[in-house]
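# Remarks on the overall topology
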Amino acid sequence: MTGTITIPGPETLILFGVQVKVLSAIFGIGGVLLGHLMAPIPAQPLGWRRQSAVVIAGVLLAVALTIATGQRPLVVLGWAIGIGFAGITVFQTWGAQAASAARKVGSAALDDLSDRLDARKDAP
């Protein structure tokens, strides 16, 4: 006896002119959410808005991988669990590095501006 399960619905969906495999995208989204739930508590507690942003960034990354590679649902699920699990730490690290770089660039710009203003005051 053989059994078949048929899931009604489209195999692919076209969003903004790009074909997205529906089942792979759903598995990717589910994998990010499951990986995020299994992830260890981050070193720095996040508020609900930042937590939501991290989850959304992970989901978008998983969907982008699905679109770019066209992989099977289980492959995307594995990638997405990894993104969800490690995503908090990676995104926090990238955010801290970006904030540090912005502070350094801003400080250098202010130092340069103050040096120029001092040079103007000293000029006869």
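Preceding this section is the structure that the text describes.
Because the structure is a prediction, the values reported are computed rather than measured.

About the criteria used
Residues numbered from 1 in each chain as written. Predicted model: local features only at pLDDT ≥ 70, side-chain atom pairs only at ≥ 80, totals over all residues. Heavy atoms only, no water. Axes fitted to C-alpha atoms, helices over the stretch in contact; angles between N-to-C directions. Helix = DSSP H or I, 4+ residues; strand = E, 2+ residues; numbered from the N terminus. Left-handed = near helix turned anticlockwise from the far one by under 90°. Contact = heavy atoms within 4.5 Å. Pairing = 2+ DSSP bridges. Patch = residues over 30% accessible without salt bridge, like charges linked within 9 Å, V, L, I, M, F, W, Y side chains within 5 Å. Areas by Shrake-Rupley, 256 points an atom, 1.4 Å probe, with all protein chains shown as cover. Salt bridge = Lys/Arg side-chain N within 4 Å of Asp/Glu carboxyl O. Buried < 20%, exposed > 50% of the residue type's maximum accessible area, 1.4 Å probe, protein only. Polar contact = N/O pair within 3.5 Å; in protein donor to acceptor, adjacent residues only side chain to side chain. Core = buried A, V, L, I, M, F, W, Y, C linked by side-chain atoms within 4.5 Å. Expected span 1.5 Å × (residues − 1). Arc of directions from axis to C-beta.

The interhelical angle for the contact between helix α1 (residues 22–38) and helix α2 (residues 48–69), taken along N-to-C directions, is 145 degrees, at an axis separation of 9 Å. In the packing of α1 onto α2, the handedness of the crossing is right-handed. Contacts between α1 and α2 involve Ser24, Ala25, Gly28, Ile29, Val32, Leu33 and His36 from the former and Gln51, Val54, Val55, Gly58, Val59, Ala62, Val63 and Thr66 from the latter.

Let us look at the pairing of strand β1 (residues 12–15). Judged from the four bridges that link them, β1 and strand β2 (residues 18–21) form a sheet pairing that is antiparallel. Bridged to Ile14 within β2 is Gln19. What sits between β1 and β2 in their antiparallel hairpin is a turn of two residues, with Phe16 showing a positive phi close to 55 degrees.

Glancing now at a nonpolar patch on the surface. Together, Leu34, Leu37, Met38 and Phe85 give the surface a local cluster of nonpolar side chains, amounting to about 450 Å² of exposed area. Within the secondary structure layout, Met38 lies in helix α1. With a relative accessible area of 51%, Met38 lands in the exposed category.

Tracing the chain through its elements places Ser114 in helix α3 (residues 73–122). A polar contact is formed between the side chain of Ser114 and the backbone oxygen of Asp111, at a distance of 2.9 Å.

Further remarks concern the environment of Val59. Relative to the helices and strands, Val59 is located in helix α2. For the pair formed by Val59 and Leu33, sequence separation is 26 residues and the distance between their alpha carbons is 8.0 Å. Excluding residues that lie within four positions of it along the chain, Val59 makes contacts with Ile29 and Val32.

Attention shifts here to the nonpolar core. Most often, soluble globular proteins keep nonpolar side chains buried together rather than apart. Core analysis: the largest hydrophobic core is formed by seven residues, namely Val32, Val55, Val59, Ala62, Val63, Ala80 and Ile83. For this core, the elements supplying multiple residues, two or more each, are α2 and α3. Looking at this core element by element, the count peaks at four residues for α2.

So, about the pattern of salt bridges. Opposite charge on two side chains allows them to pair when their charged atoms are near. The final tally for this structure, using the stated rule, is one salt bridge. Residue Arg116 is joined to Asp112 by a salt bridge in which the shortest nitrogen-to-oxygen separation is 3.4 Å. Taken together, the residues span about one helical turn, with Arg116 and Asp112 both in helix α3 at a distance of four residues. On the accessibility criterion, Asp112 (39% relative accessible area) is partly exposed.

In a regular helix each residue adds 1.5 Å, so 17 residues correspond to 24 Å; α1 covers 24 Å between its end C-alpha atoms and thus fits that length. Taken as a whole, α1 has its buried residues at Ser24, Ala25, Gly28, Gly31, Val32, Gly35 and His36. Across the axial projection of α1, the buried residues extend over an arc of 125 degrees, all falling on one side. In α1, the exposed positions angled more than 90 degrees off the buried face are occupied by Ile26, Leu37 and Met38.

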